[in-house]
Amino acid sequence: MEINSKVYWDARFDKDWKHKGGLQQTQRLAEIVIKNIYFLPTSPISILDVGCATGEMVNLLTIHFPFAKVYGCDSSEEIIKKCQQKFPYLRSNFFVADIFELSKETKKRFDLVVCSNILEHLHEPEKVLEELIKVSKRYVLILVRAEQEPSEKQVFCFKESFFTQKGFSVHKDFTTNVSMDGVQFVAILDKKFPLKPLSANPKVLIASPVRQEPEILREFLVSLSALDITGLQVDFLFIDNNENQTSSTLLLDFKNKHPSTIIWQIAVLNPYKRGENYHSWKETTIWRVAAFKNKIISYAFKKGYDYLFLVDSDLILHPYTLKRLIRRKKDIISNIFWTKWYPDTSPLPQIWFMDDYTLYKRLRRESITSQDKQNRLKEAIYLLLLQPGTYEVGGLGACTLLSQKAMKKKVNFSPLYNISLIGEDRHFCIRSVSLGFQLFVDTYYPAFHIYRKDDLLKVSYFKQLCEESIKNNMPLNGVKLFQLVESSTVNLLFQEGTSLLRQGQMERALERFKEVLKLNMSHAPTHNTLAFIYWQKKDIEKALYHITKAVELAPDDRDIIWNCGQIMIGLGKVEDAYEVYKRYLEKHPEEE
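Worth saying up front: this structure is predicted, and the values here are computed from it rather than measured.

Engineer: Tell me about the overall build of the protein chain, and please be specific about residues and values.
Structural biologist: Secondary structure summary: the protein chain contains 23 helices and 17 strands in total. Dimensions of the protein chain, computed from the C-alpha atoms along their principal axes, are close to 100 × 65 × 45 Å. Residues counted as buried form 53% of the 592 residues belonging to the protein chain. Long-range contacts, defined as pairs at least 24 residues apart, comprise 71% of the intrachain contacts of the protein chain with a sequence gap of at least 6.

Have a look at this one:
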């Protein structure tokens, strides 16, 4: 039986469609379709589901859009009969049609044409897409597997450009069952307002409320200066709310280099407490910052900016970030970054999918086990790291591009009195969705978050990742960035020092190991290595100090004990070396 033939699909629907989870998959994909229909500029009165299979999508769309007439078509007469039997109240809404000849086989034209997970099974999807557009009065909504390599069943691999070249807006999404459904491209065409090329020299305001440590602010400003802004008219606006005068001076220095910079001075009312493992946000502080951001939005709209880029002052951006976000042609889109919020936890993104900070997909009223939650969380993290692109999300913040359209509709950060969620970004996101805007995050060029002062030591590594990305014309390596954020600064410096030592760069290595001890005086491997370095430099006193310290901290470390013995032998204290090795072997007889 030929794969993807009419006979093949008749057999699938007749025998194993339900057994292999086809019904549940259709319901999951319908969630994506329905969610996106709600954001269309007008509510469709007539909807056609092309390749309707056993009719579940038609039924669900009828439930959600009771004032719309929903139709379904398929090339199989047997399938259509099953649909009519299963949903007798929709009997007249199902009809047989060859999708390659759709515009000829039906005289009807529909406000919205939906096609879910059909095109990837076709060798010539362009022809079918043309037919879908022909029978649509205004909207076409397509779901296909994103960037999946061709297989026996899914013969066509879709790239985003397949749709964008035809005026579709495109983003990625996924269901609660990624292993079965994969990552989906959601492609939407509005024939009345197809996506147009970007206007020449769009006007952009990059803005940030700033109360920041000078060391961190300096890196942020260097990052802004390094942005690729060719073809853009870019101005900067900073709200100077700094406690530290040095930070205010840095902003003035930036303005001298970038004359299109505006600085608003705002008095500090309450000190902001910040430690290595926490940022203390009082309720009053949150809404004061929200007011700052609202003022910026109002200013940007009144001055006629095409885009406003709100970015926190503790972020380091990839040079291509701004142009990438603008080219996504979304009204509200954030650039992703990862943060290790607590020392003993893994890094997490600043976006979420639902509720307060839920980072996995879950249906309403769906009851899932804690293990399911963990599995779904891992799937979501892997997708955001391994499959760069633009994803629809439920919440975002801290690095967000707003279009003029969003500003005109008065998106803002003011508190919603009937919502108890903490944080101005959550109130912004809920209000934005209620105003008809979808929220997106782009994962192509992740930013780096200097959440703690010792994260400053990782900035140079992040810049190396940016350089690799630019050199290879590739997305920034999300996995390497995740590992960088996750890594201990101490271990990172130790590894760099070890690498420099192997390269024969002893003095540079020495500086790295000294930096390690500034952060952690109890790092035994560093004391051990310093003992070796000072022994090589014939600084016996320092060598003895560090090897003694290493043994105190790690008396059961084989390498440290070996080095201690070798130094004793080098000093002519053979018996002392013998005693050191003897004591170690008495505790670890298996190593004799």
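After presenting the structure, the write-up continues.
Engineer: Now, about the packing of aromatic side chains: what can you tell me, with residues and values included?
Structural biologist: The tally for this structure, following the rule as stated, stands at 24 aromatic pairs. Between Trp338 and Phe482, the ring centres sit 5.6 Å apart and the planes meet at 80°, which makes this aromatic pair edge-to-face. Taken together, the residues Trp338 in strand S13 (residues 332-339) and Phe482 in helix H17 (residues 478-486) connect sequence positions 144 residues apart. Accessibility classification places Trp338 together with Phe482 in one group, the buried group. Here the aromatic residues Phe156, Phe158, Phe162, Phe163 and Phe168 are joined through ring pairs into a cluster of three or more. Over the ring of Phe413 we find Lys293, and its NZ or CZ is 4.9 Å from the ring centre. Positioned above the aromatic ring of Phe440 is the side chain of Lys330, whose terminal nitrogen or guanidinium carbon lies 4.6 Å from the ring centre.

Engineer: Could you give an account of a negative patch on the surface, naming the residues involved and the relevant values?
Structural biologist: A contiguous patch of negative charge, built from Glu575, Asp576, Glu579 and Glu586, is present on the exposed surface. Looking at where Asp576 falls in the secondary structure, it is placed in helix H23 (residues 574-587).

Engineer: Residue-level account of the pattern of salt bridges, with values.
Structural biologist: For the coordinates displayed, the defined rule picks out 29 salt bridges. With its nearest N and O atoms 2.5 Å apart, the salt bridge here joins Asp173 to Lys361. Of this pair, Asp173 sits in strand S6 (residues 169-173) while Lys361 sits in the loop between strand S14 (348-349) and helix H13 (370-386); the two residues are 188 residues apart in sequence, bridging distant segments of the chain. Across the pair Lys587 and Asp556 runs a salt bridge whose closest N-O atoms are separated by 2.8 Å. Taken together, the residues Lys587 in helix H23 and Asp556 in the loop between helix H21 (540-553) and helix H22 (558-570) connect sequence positions 31 residues apart. A relative accessible area of 52% places Lys587 in the exposed class.

Engineer: I'd like a description of the packing of H22 against H23, backed by residues and values.
Structural biologist: Two elements in contact, H22 and H23, have axes whose closest approach is 7 Å; the angle formed by their N-to-C orientations is 165°. One way to sum up the angle between H22 and H23 is to call them roughly antiparallel. Judged by the twist between their axes, the crossing of H22 over H23 is left-handed. On the side of H22, the interface is formed by Arg558, Ile561, Trp562, Cys564, Gly565, Gln566, Met568 and Ile569, while H23 contributes Val574, Asp576, Ala577, Val580, Tyr581 and Tyr584. Within the contact of H22 with H23, the residues separate by chemical class into ten nonpolar, two polar and two charged.

Engineer: Break down the side chain of Asp235 for me, with residues and values.
Structural biologist: Here Asp235 is to be found in strand S9 (residues 233-240). Although Asp235 is buried, it makes no salt bridge; Lys203 carries the closest opposite charge, 5.4 Å away. Here Asp235 is in contact with Lys203, Val204, Leu205, Ile206, Ser260 and Tyr305, once residues within four sequence places are set aside.

Engineer: Can you lay out the state of the cysteines for me, pointing to particular residues and giving the numbers?
Structural biologist: Considering all chains together, one arrives at zero disulfides under this definition. The cysteine Cys399 is free of any disulfide, with Cys466 supplying the nearest cysteine sulfur at 12 Å. Cys429 takes part in no disulfide bond, and the closest cysteine sulfur, belonging to Cys399, lies 13 Å away.

Engineer: Lay out the pairing of strand S10 (residues 261-265) in plain terms, naming residues and giving numbers.
Structural biologist: With five bridges joining them, S9 and S10 adopt parallel strand pairing. Within the sheet, the bridge partner assigned to Phe236 lies in S10 and is Thr261. Handedness of the crossover is the feature at issue here: the chain leaves S9, passes through helix H10 (residues 245-257), returns alongside S10, and the resulting connection is right-handed.

Engineer: Before we move on, could you go through a nonpolar patch on the surface and cite the residues and values that matter?
Structural biologist: Nonpolar side chains collect at one region of the surface, where Tyr382, Leu386 and Val479 lie side by side and expose about 290 Å² of accessible area between them. For Val479, the location among the structural elements is in helix H17. For Val479, a relative accessible area of 31% corresponds to the partly exposed category.

Engineer: Now, about the nonpolar core: what can you tell me, with residues and values included?
Structural biologist: The biggest cluster of nonpolar side chains holds 88 residues, and the ones touching the most others in it are Leu132, Ile142, Phe163 and Leu308. With eight residues, helix H11 (residues 283-302) is the single largest residue contributor to this core. Among residues more than four places away in sequence, those in contact with Leu308 are Leu205, Ala207, Ile296, Ile297, Ala300, Thr400, Leu401, Leu402 and Met407. The next biggest cluster of nonpolar side chains, apart from the first, holds 31 residues, and it includes Val234, Phe238, Tyr307 and Leu401.

Engineer: For helix H4 (residues 77-86), give the residues involved together with the corresponding values.
Structural biologist: Given 3.6 residues per helical turn, the α-helix brings residues three or four places apart onto the same face. Turning to H4, its buried residues are Ile79, Ile80, Cys83 and Gln84. Taken end-on, H4 shows its buried residues confined to a sector of 140°, consistent with a single buried face.

Engineer: Talk me through unusual backbone geometry; I want residue IDs and the actual numbers.
Structural biologist: For Ala53, which is not glycine, the phi torsion reads 50° and is therefore positive. By the element assignment, Ala53 lies in the loop between strand S1 (46-50) and helix H3 (56-64). Look at Lys329: it is not a glycine, yet its phi comes out positive at around 55°.

Engineer: So, the environment of Phe513: which residues are in play, and what are the values?
Structural biologist: In this structure, Phe513 sits in helix H19 (residues 506-519). A relative accessible area of 0% means that Phe513 is categorised as buried. Discounting residues that sit within four places of it in the chain, Phe513 has contacts with Phe494, Gly497, Thr498, Thr526, Thr529, Leu530 and Ile533.

Engineer: Requested: an account of the environment of Tyr357, with residues and values cited.
Structural biologist: Relative to the assigned elements, Tyr357 resides in the loop between S14 and H13. Considering only alpha carbons, one finds Tyr357 and Gly395, 38 residues apart in sequence, at a separation of 7.9 Å. Within the structure, the side chain of Tyr357 is placed 2.4 Å from the backbone oxygen of Pro349, a separation counted as a polar contact.

So, how was this worked out
Residues numbered from 1 in each chain as written. Predicted model: local features only at pLDDT ≥ 70, side-chain atom pairs only at ≥ 80, totals over all residues. Heavy atoms only, no water. Helix = DSSP H or I, 4+ residues; strand = E, 2+ residues; numbered from the N terminus. Buried < 20%, exposed > 50% of the residue type's maximum accessible area, 1.4 Å probe, protein only. Contact = heavy atoms within 4.5 Å. Phe/Tyr/Trp six-rings, centres within 6.5 Å; stacked < 30°, edge-to-face > 60°. Lys NZ or Arg CZ within 6 Å of the ring centre and 35° of its normal. Patch = residues over 30% accessible without salt bridge, like charges linked within 9 Å, V, L, I, M, F, W, Y side chains within 5 Å. Areas by Shrake-Rupley, 256 points an atom, 1.4 Å probe, with all protein chains shown as cover. Salt bridge = Lys/Arg side-chain N within 4 Å of Asp/Glu carboxyl O. Lys, Arg positive; Asp, Glu negative; His and termini not counted. Charge placed at Lys NZ, Arg CZ, Asp CG, Glu CD. Axes fitted to C-alpha atoms, helices over the stretch in contact; angles between N-to-C directions. Parallel < 35°, antiparallel > 145°, perpendicular 65-115°, else oblique. Left-handed = near helix turned anticlockwise from the far one by under 90°. Nonpolar A, V, L, I, M, F, W, Y, C, P; charged D, E, K, R; others polar. Disulfide = S-S within 2.5 Å. Pairing = 2+ DSSP bridges. Right-handed = clockwise from strand over helix to strand, strands pointing away. Core = buried A, V, L, I, M, F, W, Y, C linked by side-chain atoms within 4.5 Å. Arc of directions from axis to C-beta. Polar contact = N/O pair within 3.5 Å; in protein donor to acceptor, adjacent residues only side chain to side chain.

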